[in-house]
Amino acid sequence: MSNTTKTTTAEGQKYDGFTEEERDAMKQRAKELKTSARRGAKTADTESEVLAKIAEMAEPDRVIAERLHALIKASAPDLTAKLWYGMPAYARDGKMICFFQSAAKFKARYATLGFSDEANLDEGAMWPASYALTEITADVEARIAALLRQALS
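So, a few notes on the structure that sits alongside this text. Keep in mind the model is a prediction, meaning the values are calculated, not measured.

The rules behind these values
Residues numbered from 1 in each chain as written. Predicted model: local features only at pLDDT ≥ 70, side-chain atom pairs only at ≥ 80, totals over all residues. Heavy atoms only, no water. Axes fitted to C-alpha atoms, helices over the stretch in contact; angles between N-to-C directions. Helix = DSSP H or I, 4+ residues; strand = E, 2+ residues; numbered from the N terminus. Parallel < 35°, antiparallel > 145°, perpendicular 65-115°, else oblique. Contact = heavy atoms within 4.5 Å. Nonpolar A, V, L, I, M, F, W, Y, C, P; charged D, E, K, R; others polar. Patch = residues over 30% accessible without salt bridge, like charges linked within 9 Å, V, L, I, M, F, W, Y side chains within 5 Å. Areas by Shrake-Rupley, 256 points an atom, 1.4 Å probe, with all protein chains shown as cover. Salt bridge = Lys/Arg side-chain N within 4 Å of Asp/Glu carboxyl O. Pairing = 2+ DSSP bridges. Buried < 20%, exposed > 50% of the residue type's maximum accessible area, 1.4 Å probe, protein only. Phe/Tyr/Trp six-rings, centres within 6.5 Å; stacked < 30°, edge-to-face > 60°.

## A short note on the packing of helix α2 (residues 46-56) against helix α3 (residues 61-75)
And step 1. Between α2 and α3, whose axes approach to 9 Å, the crossing angle comes to 155°. In this view, α2 runs roughly antiparallel relative to α3, as classed from their interaxial angle. Across the interface between the two elements, Glu 47, Val 50, Leu 51, Ile 54 and Ala 55 of α2 pack against Arg 62, Ala 65, Glu 66, His 69 and Lys 73 of α3.
And step 2. In terms of residue class, the contact of α2 with α3 is built from 5 nonpolar, 1 polar and 4 charged.

The following block contains the structure:
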């Protein structure tokens, strides 16, 4: 019996192991780690890399990512913007707190705002660690700002 299983994608394609999108994300992460190691202790302008990656996105992902980036910078100025698996992410003291994943990246029907285990979102024995985003309204902005405050508390 083989250790790999065949899986069917939403488009009905069969594959063994990782999808092309997942392999691309892993390659992006390896590139980020190499770049970080080359920089060493040097201060890097990782925010410009994040803004460049956001600018490459197609609508509506780009619009959502731009608004989310501005909201995170305003609500949590202590967080450092950086790339993580080729997507915008935000860290405190080098530890990832939250990240954005575009819908197009994995051919999903919605973008995602995710939080790592470094975020203090704990509520009892179970709580959400990621949120679907189809647009950012004033209500969504308020909810994200509240989540950021809780995550960083």
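Having seen it, we continue.
## Observations regarding a nonpolar patch on the surface
And step 1. Taken together, the side chains of Phe 18, Met 26 and Tyr 85 make up a nonpolar region of the molecular surface, amounting to roughly 280 Å² of accessible area.
And step 2. Mapped onto the elements of the fold, Phe 18 is located in the loop between β2 (14-16) and α1 (20-39).

## Brief notes about the sheet that holds strand β4 (residues 87-92)
And step 1. An order of β3-β4-β5-β6-β7 is seen for the 5 strands of this open sheet, with the pairing classed as antiparallel. At either end of the open sheet lies a strand with only one pairing partner, and these are β3 (80-84) and β7 (130-133). With strand direction ignored, the average angle separating the axes of adjacent strands in the sheet is 25°.
And step 2. In terms of strand pairing, strand β5 (residues 95-101) meets strand β6 (residues 111-115) through 4 bridges, oriented antiparallel. The partner of Phe 100 across the bridge, within β6, is Leu 113.
And step 3. Together, β3 and β4 form the strand contacts of α2, whose direction differs from that of β3 by roughly 55°.
And step 4. The strands touched by α3 within the sheet are β3, β4, β5, β6 and β7, with β5 carrying the most contacts at an inclination of about 150°.

## Focus on the side chain of Thr 112
And step 1. Of note, Thr 112 is situated in strand β6.
And step 2. Residue contacts for Thr 112: discarding those within four places in its chain leaves Phe 99, Phe 100, Gln 101, Ser 130, Tyr 131 and Leu 133.

## So, the pairing of β5
And step 1. Counting buried positions along β5 gives 5 out of 7 residues, so the element sits mostly inside the fold.
And step 2. As defined by bridge partners, β4 adjoins β5 across 4 bridges and the pair is classed as antiparallel. Bridge assignment links Arg 92 to a residue of β5, and that residue is Lys 95.
And step 3. Following β4, the chain reverses through 2 residues before pairing antiparallel with β5; Asp 93 in that reversal takes a positive phi of roughly 50°.

## Looking at the pairing of β6
Look at any regular strand and the pattern is simple: side chains alternate between the two faces of the sheet.
And step 1. With respect to burial, β6 is a largely interior element, 5 of its 5 residues being buried.
And step 2. With 4 bridges connecting them, β6 and β7 associate as antiparallel partners. Bridging across to β7, Leu 113 finds its partner in Tyr 131.

## Some remarks on the packing of aromatic side chains
And step 1. Per the counting criterion, the structure on display carries 3 aromatic pairs.
And step 2. Arranged with centres 5.1 Å apart and planes meeting at 80°, the rings of Trp 84 and Tyr 85 form a pair that is edge-to-face.
And step 3. Ring geometry for Phe 115 versus Tyr 131: centroids 6.2 Å apart, planes at 90°, classification edge-to-face. Here Phe 115 is found in strand β6, whereas its partner Tyr 131 is found in strand β7, with 16 residues between them in sequence. With respect to class, Phe 115 is no different from Tyr 131; both count as buried.
And step 4. Here the aromatic residues Trp 84, Tyr 85 and Phe 99 are joined through ring pairs into a cluster of three or more.

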